[in-house]
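# Residue-level structural notes
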Amino acid sequence: METSPAKRERGHRYVRYADDAIIFCKSAKAAERVMQSITRFLTVKLKLKVNKDKSAVSRPWIGKFLGFTYFQMCGQSKIRIHAKSIKRFKDKIRELTCRKRGKSLWQVIQELNQYFRGWWNYFRLTEARHFLKGLKVWILRRLRSLV
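To start, this report covers the structure provided alongside it. On a predicted model such as this, the values are computed, not experimentally measured, just so you know.

### Description of unusual backbone geometry
The residue Lys-47 is not glycine, and still its phi comes out positive at about 55 degrees. Tracing the sequence through the fold places Lys-47 in the loop between helix 2 (28-45) and strand 3 (68-73).

### Here's the deal with the pairing of strand 4 (residues 76-81)
Two strands pair when backbone bridges link them, and strand 3 and strand 4 are joined in this way by 6 bridges, in the antiparallel orientation. Opposite Gln-72, over in strand 4, you have Ser-77 as the bridge partner. Two successive antiparallel strands, strand 3 and strand 4, enclose a turn made up of 2 residues, where Cys-74 displays a positive phi of approximately 55 degrees.

### Looking at the packing of aromatic side chains
Tallied over the entire structure, the rule returns 8 aromatic pairs. Ring geometry for Phe-89 versus Trp-119: centroids 4.1 Å apart, planes at 35 degrees, classification tilted. In this pair, Phe-89 sits in helix 3 (residues 83-96) while Trp-119 sits in helix 4 (residues 105-123), placing the two residues 30 residues apart along the sequence. No difference in accessibility class separates Phe-89 from Trp-119, as the two residues are buried. Of the aromatic side chains, those joined through ring pairs into one cluster are Phe-68, Phe-89, Tyr-115, Phe-116, Trp-119, Tyr-122 and Phe-123. Seen from the ring of Trp-138, Lys-90 lies directly overhead, with NZ or CZ sitting 5.3 Å from the centre. Of note, Lys-92 hangs over the ring of Tyr-115, and the distance from its end group to the ring centre comes to 5.8 Å.

Definitions and limits used
Residues numbered from 1 in each chain as written. Predicted model: local features only at pLDDT ≥ 70, side-chain atom pairs only at ≥ 80, totals over all residues. Heavy atoms only, no water. Helix = DSSP H or I, 4+ residues; strand = E, 2+ residues; numbered from the N terminus. Pairing = 2+ DSSP bridges. Phe/Tyr/Trp six-rings, centres within 6.5 Å; stacked < 30°, edge-to-face > 60°. Buried < 20%, exposed > 50% of the residue type's maximum accessible area, 1.4 Å probe, protein only. Lys NZ or Arg CZ within 6 Å of the ring centre and 35° of its normal.

Here is the structure:
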């Protein structure tokens, strides 16, 4: 997490990764004000385009940032995989385990292992045990259909 001196004076915290950023404010009114000032700064000073469809003021547990979303559990903030990321994952698994591909079971398992290893390395810091248990059963059922 990065904080600049100007942002610290106002009490804002932000996270930035490449061209994606998320700014945390204490109130909705402050968030709207920061959104306007940041948009103005980006368009006027830096001459960048701000995508209005992707830019929004919302609660952390509603929005998505780099495929993650946040939730509260026992008074602590936790990270989980966003529903759209899960949907994309399942679509890819369906594509890899499609019976029309003409691949052997061994080849499909190798491709699944490679994809799942990369996917899990990206999402490993989430609270996803419950999701993974159900996913294991679903993937095994799809593999049995190949046999």
